[in-house]
Amino acid sequence: MQTIKENDLTIILIYTFTAFLLMALVLVLFFYFSRKKIVQKEVEKKNLELSHQKKLLHAILVTQEEERKRIAQDLHDDISSKLNIVSINSHLLKTPGLTFEESCEISTNIFNLTKKALDNSRRIAHDLLPPVLEKFGLHAGIEEMCVEFNSNKQLRANFKSTAELDKLSSDVQLSVFRILQELMNNSLKHSKASSINIIFERELEKNICKYSDDGVGFDLQSEDNQKGLGMKSIESRVSFLNGEISVNSSLGNGINVLFSF
């Protein structure tokens, strides 16, 4: 009888030990696969971040290339062609037997073409780096841009700021200015807006820009809108500022953009 009890006890101990082993194995497998899943999600998150950064970098490069092409086209069409005509007219002045009236006409052409070339060169330089931004800071630069937009009478741009924009570094000021340029050009060209509002505030040690227009808006779910070069360029500039951006828009309800820096 004693031997039977000892055998039963041994069997119970074996089953108990086996059960503990199985439980331990299950726990080890559970933690292993849970950890593997967490690591996999972290890797996927990193891959998504890298993919997003690559897209932003691509957008920067494409934007820069487009800007170079535009500048080259402006220089060729507006400056080079006019200077060529000035050169031709200058040689005409050396033509023997020119009357006084002919000389005056050629000189007038040279003067007018030279003036247009100078005006266009100033415009190109202004587009590259607005003098008011360099001399007086971001606040004055945005005010001047709003005045320029208001001059066409089709759109009203309103600007208000309680943030100390002029204390920002020159690189940050230029990036913020370019973001607003892109947003305002989009409102002018695509949204059919009649009003733009730009508000800068200081919140939680960060500068916040709230941009909105009353235009036709667009579908945020549209793949074309998500991949648009303009928005990618804006995202890349906000990323450069180590900021965040949110865009809200729907058909018929304009656009609201909030970005921090």
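Above this text you will find the structure in question.
Calculation criteria
Residues numbered from 1 in each chain as written. Predicted model: local features only at pLDDT ≥ 70, side-chain atom pairs only at ≥ 80, totals over all residues. Heavy atoms only, no water. Pairing = 2+ DSSP bridges. Helix = DSSP H or I, 4+ residues; strand = E, 2+ residues; numbered from the N terminus. Right-handed = clockwise from strand over helix to strand, strands pointing away. Core = buried A, V, L, I, M, F, W, Y, C linked by side-chain atoms within 4.5 Å. Buried < 20%, exposed > 50% of the residue type's maximum accessible area, 1.4 Å probe, protein only. Contact = heavy atoms within 4.5 Å. Salt bridge = Lys/Arg side-chain N within 4 Å of Asp/Glu carboxyl O.

Both strand β1 (residues 156–161) and strand β2 (residues 195–203) contribute to a ladder of 6 bridges, which runs parallel. By the bridge assignment for β2, A157 is matched with I196. Tracing the backbone out of β1, into helix α5 (residues 170–191) and back to the parallel element β2 gives a crossover that is left-handed. Sheet analysis places β2 next to strand β3 (residues 206–213), joined by 8 bridges and oriented antiparallel. Counted as the bridge partner of R202 is N207 from β3. With antiparallel pairing between neighbouring strands as the criterion, β2 and β3 make up a hairpin whose turn holds 2 residues, including L204 at a positive phi of roughly 50 degrees.

Counting 33 residues, the largest nonpolar core has L165, L180, M184, I198, F200, Y211 and F259 as its most contacted members. Elements represented by at least two residues in this core include exactly α4 (138–150), β1, α5, β2, β3, α7 (229–240) and β5 (255–260). Once residues within four sequence positions are removed from consideration, Y211 is found in contact with L180, L183, M184, S187, I196, N197, I198, I255, N256 and V257.

This part is about the pattern of salt bridges. Overall, the coordinates contain 3 salt bridges when judged by the stated rule. Across the salt bridge formed by K167 and E164, the nearest N and O atoms sit 3.3 Å from each other. With its nearest N and O atoms 4.0 Å apart, the salt bridge here joins K210 to E203. Residue E203 is classed as partly exposed on the basis of its relative accessible area of 34%. Members of the salt-bridge network, linked through shared partners, are E201, E203 and K210.

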